[in-house]
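If you want the building blocks of each chain, they are given just below.
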Amino acid sequence: MIKALTISDDKVVCNLVEQVITTACPNVSLEGSCGDVAQGEMMVNARQPDLVILDTRLNGGSGFDLLRQFSSPSFRIIFISNLLEYALKAFKFNAVDFLLKPVEPEELAQAINKAYDLITYEEKLQQRIIGEKLKSLNKKEKIILNTSNHIHLVNTEDIIRIEADGNYSTF
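Residues numbered from 1 in each chain as written. Predicted model: local features only at pLDDT ≥ 70, side-chain atom pairs only at ≥ 80, totals over all residues. Heavy atoms only, no water.

Quick notes on the nonpolar core
Grouped together as the largest cluster of nonpolar side chains are 23 residues, with contacts concentrated most on Leu51, Ile53, Ile78, Leu108 and Ile112. For this core, the leading source of residues is helix H5 (residues 105–138), giving seven residues. Apart from residues lying up to four places away in sequence, Ile78 is in contact with Leu51, Val52, Ile53, Leu54, Val96, Asp97, Leu99, Ala111, Ile112 and Ala115. (Core = buried A, V, L, I, M, F, W, Y, C linked by side-chain atoms within 4.5 Å. Buried < 20%, exposed > 50% of the residue type's maximum accessible area, 1.4 Å probe, protein only. Helix = DSSP H or I, 4+ residues; strand = E, 2+ residues; numbered from the N terminus. Contact = heavy atoms within 4.5 Å.)

Dropping the structure here:
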């Protein structure tokens, strides 16, 4: 389950998002909504969403003003706007999608599900990378040491001291 927020001063958009998530996005939990930049910043910081459905125009500024409050947003974004001219700017903020008003429910559901797929893929990839790093940490480094009679496989962490002895070394 991923957490989503709606930040829009348009009540029609907020109601549509709630309706679409309830009916068509069972893996998404709507954690709240608000309509201005200051409340949006507080809500994002408090709820730590995975997805923000963001209007380009808000009370107290724009959706872009809100995003500038975060040095590196950890959430995915779906922009909603009535102006196509914001689309390029939205994608510079790594938007998952950009939807024009009036938003069709099917189009919104597709965008939310696309964001869900992207978020869960990234989480699985991150878990795999962490798992591989942990495995490599658990592997003990070994070194092969030759003597005149034997070949020894020694854990490097078991070596306390190495002393040079002409062309040889004493471990």
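Some points on the environment of Ala115
Structurally, Ala115 is set in helix H5. Excluding anything up to four places from it in sequence, Ala115 contacts Leu51, Ile78 and Val96.

Thoughts on the layout of surface pockets
In this structure, the largest pocket occupies an estimated 280 Å³ of space. In terms of lining residues, the largest pocket is bounded by 15 residues, among which Pro73, Ser74, Phe75, Arg76 and Asn94 are the most central. For the lining of the largest pocket, the secondary structure elements donating two or more residues are strand S6 (76–81) and H5. By residue number, the principal contributor to the lining of the largest pocket is H5, which donates three residues. Considering only residue class, the lining of the largest pocket consists of seven nonpolar, three polar and five charged. Here the second largest pocket is characterised by a volume of approximately 160 Å³. If you trace the second largest pocket, you find it lined by Leu145, Asn146, Thr147, His152, Val154, Tyr168, Ser169 and Phe171. Of all the secondary structure elements, the ones that give two or more residues to the lining of the second largest pocket are strand S8 (142–146), strand S9 (151–155) and strand S11 (168–170). By residue class, the composition of the lining of the second largest pocket is four nonpolar, four polar and no charged. (1 Å grid on protein atoms, 1.4 Å probe; cavity = no way out; pocket = protein on both sides within 12 Å on 5 of 7 lines; lining within 4 Å. Points joined across faces, edges and corners; volume = space filled by probe spheres on them. Nonpolar A, V, L, I, M, F, W, Y, C, P; charged D, E, K, R; others polar.)

Comments concerning the pairing of strand S7 (residues 97–100)
Bridging between S6 and S7 involves four bridges; their strand directions are parallel. Counterpart to Ile80 in the pairing with S7 is Leu99. Crossover S6 to S7 through helix H4 (residues 87–92) is right-handed. (Pairing = 2+ DSSP bridges. Right-handed = clockwise from strand over helix to strand, strands pointing away.)

With respect to the side chain of Thr6
Position of Thr6 relative to the elements: it lies in strand S1 (residues 2–7). Setting aside chain neighbours within four positions, we find Thr6 in contact with Cys14, Val17, Leu30, Gly32, Ser33, Cys34 and Ile53.

Brief notes about the pairing of S1
Among the six residues of S1, five are classified as buried, and the element is accordingly described as predominantly covered. Bridge analysis of S1 against strand S2 (residues 28–34) gives five bridges, and the strand direction is parallel. Residue Ala4 lies in a different strand from S2, and its bridge partner there is Leu30. In this view, the connection linking S1 to its parallel neighbour S2 by way of helix H1 (residues 11–24) has right-handed handedness. Pairing analysis gives four bridges linking S1 to strand S3 (residues 51–55), with the strands arranged parallel. Within the sheet, the bridge partner assigned to Leu5 lies in S3 and is Val52.

Keep in mind these numbers describe shape, not what the thing actually does.
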